[in-house]
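# Structure at a glance
Here are the chains, one letter per residue:
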Amino acid sequence: MLRRYWSYIPDLKESWILVAMMVISGSILSGGVTFLLQMIAPSISDWHPAIAYPFIFLPPYLWMRWSKTRFSSENSQPLNTPDFGRLGGLFTFLLLPPLLVAFNYITEPLSSWMPVPDFIRNLLESVTKNRYSSLLMMVIFAPLFEETFCRGIILRGLLFHMKPWKAILWSAFIFGVIHLNPWQAIPAFLVGSLMGWVYWKTGSLWATIFLHFINNGFSYIVVLLNPNLPADAGFKDLIPGNGYYIYYALSLILVIITIFLMNYKYGNTLPAKIQTNN
């Protein structure tokens, strides 16, 4: 997967350069593509955001291609090196959806107090109006591009330069920052920490892409099935009364048991070089 980038091992400083390239240059490029599409294809305006979205990531990938911040070829590290230990790949992918939903359930109170930005309200409203283009951008493109960038490139590189827990937290922080608003940044940091831990433990980029797919897909389905649900609605609105607290306790137990099981069954499965360097 993306072999040309295997030898690109960014440290923290280089990672922030990539973020700046994406946020500034990528946003300008994506905006330019959107403007061009409005000029030449106004009849498909519903698809403009989805078509322009991948261009956000083009500047950092061009920077990576020509950057001199590279290890020698013998130190190259593939973006995807899956090893699911004694748990196995099938059982891992069966555990990931309930783990993610339960994790989001117990961490939601950490961010539910914040007001929802107007552009997020507009985005959620557009999901019901443009369901197919929203599906492509939110559920397909976002997991593929963001996980490759934040876990496959940045976290993989940081694991060569610092202790795993620091690398995971920094990559999760960067994942929150690129969302460019606090309402999304805190949940993104929290779920990004979980995704980073899974990537470190399994070496599987596809596992984190799948987690991201489930995360965004769950939100997409909730919005479609409940078009009149307020933008700031959470699990407490979907599960009112004492049921919310019962499910909270069950979710907490599920998260603890699942993470303990994964930690026990996986071991440290990323390449020995990363482990010994830390």
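Let us look at the structure shown here. From a predicted model like this one, the values you see are computed outputs, not experimental measurements. (Residues numbered from 1 in each chain as written. Predicted model: local features only at pLDDT ≥ 70, side-chain atom pairs only at ≥ 80, totals over all residues. Heavy atoms only, no water.)

Let us now look at the overall build of the protein. Helix and strand counts for the protein come out as 12 helices and 0 strands. The order of helices and strands in the protein, counted from the N terminus, is α-α-α-α-α-α-α-α-α-α-α-α. Here the C-alpha atoms of the protein give a radius of gyration of 19 Å, agreeing with the 19 Å that 2.2 N^0.38 yields for 278 residues. Its C-alpha atoms give the protein principal-axis dimensions of about 55 × 55 × 30 Å. For the protein, with 278 residues in total, the buried portion stands at 46%. (Helix = DSSP H or I, 4+ residues; strand = E, 2+ residues; numbered from the N terminus. Rg over C-alpha atoms; globule rule 2.2 N^0.38 Å. Buried < 20%, exposed > 50% of the residue type's maximum accessible area, 1.4 Å probe, protein only.)

Here we take up the packing of helix α6 (residues 131-158) against helix α8 (residues 182-202). Relative to each other, α6 and α8 sit at 60°, their axes nearing to 11 Å. Regarding the angle of α6 to α8, the classification is oblique. The two elements α6 and α8 meet at a crossing, and its hand is right-handed. Here α6 contributes Glu 147, Arg 151, Gly 152, Leu 155 and Arg 156 to the contact with α8, which in turn contributes Gly 192, Met 195, Gly 196 and Tyr 199. Considering only residue class, the contact of α6 with α8 consists of 3 nonpolar, 3 polar and 3 charged. (Axes fitted to C-alpha atoms, helices over the stretch in contact; angles between N-to-C directions. Parallel < 35°, antiparallel > 145°, perpendicular 65-115°, else oblique. Left-handed = near helix turned anticlockwise from the far one by under 90°. Contact = heavy atoms within 4.5 Å. Nonpolar A, V, L, I, M, F, W, Y, C, P; charged D, E, K, R; others polar.)

Compared with an ideal rise of 1.5 Å per residue, which puts 21 residues at 30 Å, α8 spans 29 Å between its outermost C-alpha atoms and is within 8% of the ideal. Counting buried positions along α8 yields 15 of 21 residues, so the element is predominantly enclosed. Positive phi shows up at Gly 203, right after α8, with a value of about 70°. (Expected span 1.5 Å × (residues − 1).)

A pair can form between side chains of opposite charge whenever their charged atoms are brought close. Scanning the entire structure with this criterion turns up 1 salt bridge. In this structure, Glu 147 engages Arg 151 in a salt bridge whose closest nitrogen and oxygen atoms are separated by 2.7 Å. You can see Glu 147 and its partner Arg 151 sitting in helix α6, 4 residues apart, about one turn around the helix. This pair shows no difference in class: Glu 147 is buried, exactly as Arg 151 is. (Salt bridge = Lys/Arg side-chain N within 4 Å of Asp/Glu carboxyl O.)

Of note, Asn 216 is situated in helix α9 (residues 205-225). Separated by 2.7 Å, the side chain of Asn 216 and the backbone oxygen of Met 138 make a polar contact. The contacts of Asn 216, once residues within four sequence positions are left out, are Met 138, Val 139, Ala 142 and Pro 143. (Polar contact = N/O pair within 3.5 Å; in protein donor to acceptor, adjacent residues only side chain to side chain.)

Interpretation in functional terms is not warranted from these geometric data alone.
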